[in-house]
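# Commentary on secondary and tertiary structure
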Amino acid sequence: MSGFIINVDFSLHEASKKRSDGNQKHQRFVRRRRFLERKGFLKKKQLPAPQQQPHPAPKGHVSHQGQPRKKRPAEAGTDHDSFHTNGFSHAPRTLPKGKDACRVVQVGGAMDSSSQLTCFPSKVKKVAGSIKSLADMHREALLSEYDSGLPAAPVSSKSSKLVAIDCEMVGTGPGGRTSDLARCSIVNYHGDVVYDKYIRPIEPITNYRTRWSGIRKHHMKNAIPFKTAQKEILKLLAGKVVVGHAIHNDFKALKYFHPKVATRDTAQIPLLNRRAGFPEHETASLKRLTKQLLHRDIQVGRDGHSSVEDARATMELYKVIETEWEKHLALSRQQE
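## Notes on the overall build of the protein chain
- Scanning the protein chain from terminus to terminus reveals 9 helices and 11 strands.
- Within the protein chain, contacts between residues at least 6 apart in sequence are counted, and of these 49% link residues at least 24 apart.
- Working note: accessible area of the protein chain is about 23,700 Å², and carbon and sulfur atoms make up 54% of it.

See the structure below:
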């Protein structure tokens with residue numbers, strides 16, 4: 001029986017297998033690259049345009065091939081479903097819903113394709129110290145939208161350094177001829193009372209001067225000692241611009257002298273007299289100036305003066321000419 005020789009060529013099968021393995025590796029590479037591209041780790045401009053392979057449409061599906069493709073929200077520059085920073089995405093394309101939903105805050109003006117959006121969970125009510133990655137990017141914008149939790153910055157305006165003072169005196173010594181402090185009131189720029197206390201003089205009171213001071217004997221029952229009041233008052237006046245009417249009398253009663261550059265005496269401001277229609281170098285009383293410029297009556301009746309009322313009137317008079325008078329003082333200092 002004759003022998004048969006069978007030659008089998010496996011080269012075609014091996015080549016086909018290699019070609020198949022190469023196609024699978026390429027497809028995995030393409031899928032991975034598209035995934036990274038969607039996540040924003042690769043920029044589209046650095047990659048060639050991906051080759052789109054047609055897929056058979058399922059039954060009942062209407063093909064839109066050949067029709068112009070609609071722009072996605074991200075391409076139109078109005079993607080509200082994700083936020084980007086410096087070209088890299090840090091959030092999923094779809095934001096979580098419910099209690100973990102995000103509030104998207106736009107930084108800057110109108111939104112465009114380069115707009116940067118910042119997202120925080122809705123349950124975060126304040127910018128906490130644990131939020132660093134996004135908060136550090138746009139700190140100024142975030143603080144304008146959310147409460148930082150920090151104390152308010154101190155007010156640096158001139159109004160915070162202005163106070164008005166008025167004191168009421170009683171008589172001590174023989175015949176009550178010596179004036180001693182019995183009440184002191186201090187108000188701020190807005191007329192709010194900062195200090196108002198009855199003060200017991202060191203020497204015994206021989207004349208209450210009630211008609212002018214408004215002080216009576218019963219006011220001294222809960223009055224504080226002069227030394228205690230002096231410390232409290234001088235602490236409040238330190239570093240302040242002090243306004244008063246004939247203020248040298250108040251400082252004398254306090255046994256204190258305030259720096260001249262930080263003192264405003266409404267009895268020595270010619271501009272006030274001019275506004276009121278009085279001679280410039282006349283020392284007009286607080287009552288007359290208040291009536292003429294503020295159209296209000298003070299120091300009326302027989303109960304005596306109120307140091308709070310007088311301090312408020314003094315501050316209001318100063319505010320009438322504040323801007324013009326401060327410019328005049330600044331110019332005078334420059335000329336000196």
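## So, the environment of T290
- Residue position: T290 is located in helix α8 (residues 286-294).
- Residue T290 is classed as buried on the basis of its relative accessible area of 0%.

## Let's talk about the pattern of salt bridges
- For the structure on display, the rule yields 8 salt bridges.
- With a closest N to O distance of 3.1 Å, E232 and K197 form a salt bridge. Taken as a pair, E232 in helix α5 (residues 226-237) and K197 in strand β7 (residues 193-200) lie far apart in primary sequence, 35 residues in all.
- With relative accessibility at 27%, the residue E232 sits in the partly exposed group.
- Residue R274 is joined to E280 by a salt bridge in which the shortest nitrogen-to-oxygen separation is 2.7 Å.
- Overall, R274 belongs to the partly exposed group, its relative accessible area being 47%.

## Focus on the packing of α8 against helix α9 (residues 307-335)
- The geometry of α8 relative to α9 is characterised by a closest axis approach of 10 Å and an angle of 55° between their N-to-C directions. Judged on the interaxial angle alone, α9 and α8 are oblique. Judged by the twist between their axes, the crossing of α8 over α9 is left-handed. Here α8 contributes L286, L289, T290, L293 and L294 to the contact with α9, which in turn contributes D310, A313, T314, E316, L317 and V320.
- Residues belonging to the contact of α8 with α9 are distributed by class as follows: 7 nonpolar, 2 polar and 2 charged.

## A closer look at the environment of T178
- Here T178 shows up in strand β6 (residues 178-188).
- Sequence separation of T178 and A253 is 75 residues, and the distance between their C-alpha atoms is 10.0 Å.
- Those residues in contact with T178 that lie beyond four places of it in its chain are V170, G171, T172 and R209.

## Some points on the nonpolar core
- Judged by nonpolar contacts, the single largest core of 24 residues is most densely connected at I269, L289, L317, Y318, I321 and W325.
- Ranked by residue count, the leading element in this core is α9, at 8 residues.
- With near-sequence residues (within four places) excluded, L317 lies in contact with L272, L286, L289, T290, L293 and L294.
- Grouped together as the second largest cluster of nonpolar side chains are 20 residues, I199, I224, A229 and V242 included.

## Quick notes on α9
- For α9, with 29 residues, the first-to-last C-alpha span of 37 Å runs short of the 42 Å given by 1.5 Å per residue.
- Of all bends in α9, the biggest is about 65°, found at E322.

## What to know about the pairing of β6
- The buried count for β6 comes to 8 of 11 residues, which makes it a mostly enclosed element.
- Between the antiparallel neighbours strand β5 (residues 162-172) and β6 lie 5 residues, among them G173 with a positive phi of about 75°.
- Of the pairings in the sheet, the one linking β6 to β7 comprises 5 bridges and is antiparallel in character. Within β7, the position partnered with V187 by the bridge is V193.
- Hairpin remark: β6 followed by β7, antiparallel, with 4 residues in the connecting loop; positive phi at G191, about 90°.

## Regarding the confidence of the model for the protein chain
- Residues at a pLDDT of 70 or more form 59% of the protein chain, whose mean pLDDT is 74.
- Of the regions scoring below 50 in pLDDT, residues 137-156 engages in 21 contacts with residues more than four places distant in sequence or in other chains.

## Topic: the packing of aromatic side chains
- Applying the stated criterion to the full structure yields 1 aromatic pair.
- Ring centres of F251 and Y256 lie 5.6 Å apart, and the angle between their planes is 85°; this geometry places the pair in the edge-to-face category. The burial state of F251 is the same as that of Y256; both residues are buried.
- Over the aromatic face of F226 sits the side chain of K255, whose NZ or CZ is 5.3 Å from the ring centroid.

Here is what the cut-offs are and how they apply
Residues numbered from 1 in each chain as written. Predicted model: local features only at pLDDT ≥ 70, side-chain atom pairs only at ≥ 80, totals over all residues. Heavy atoms only, no water. Helix = DSSP H or I, 4+ residues; strand = E, 2+ residues; numbered from the N terminus. Contact = heavy atoms within 4.5 Å. Areas by Shrake-Rupley, 256 points an atom, 1.4 Å probe, with all protein chains shown as cover. Buried < 20%, exposed > 50% of the residue type's maximum accessible area, 1.4 Å probe, protein only. Salt bridge = Lys/Arg side-chain N within 4 Å of Asp/Glu carboxyl O. Axes fitted to C-alpha atoms, helices over the stretch in contact; angles between N-to-C directions. Parallel < 35°, antiparallel > 145°, perpendicular 65-115°, else oblique. Left-handed = near helix turned anticlockwise from the far one by under 90°. Nonpolar A, V, L, I, M, F, W, Y, C, P; charged D, E, K, R; others polar. Core = buried A, V, L, I, M, F, W, Y, C linked by side-chain atoms within 4.5 Å. Expected span 1.5 Å × (residues − 1). Bend = angle between axes of the 7 residues up to and from the residue. Pairing = 2+ DSSP bridges. pLDDT = per-residue confidence, 0-100. Phe/Tyr/Trp six-rings, centres within 6.5 Å; stacked < 30°, edge-to-face > 60°. Lys NZ or Arg CZ within 6 Å of the ring centre and 35° of its normal.

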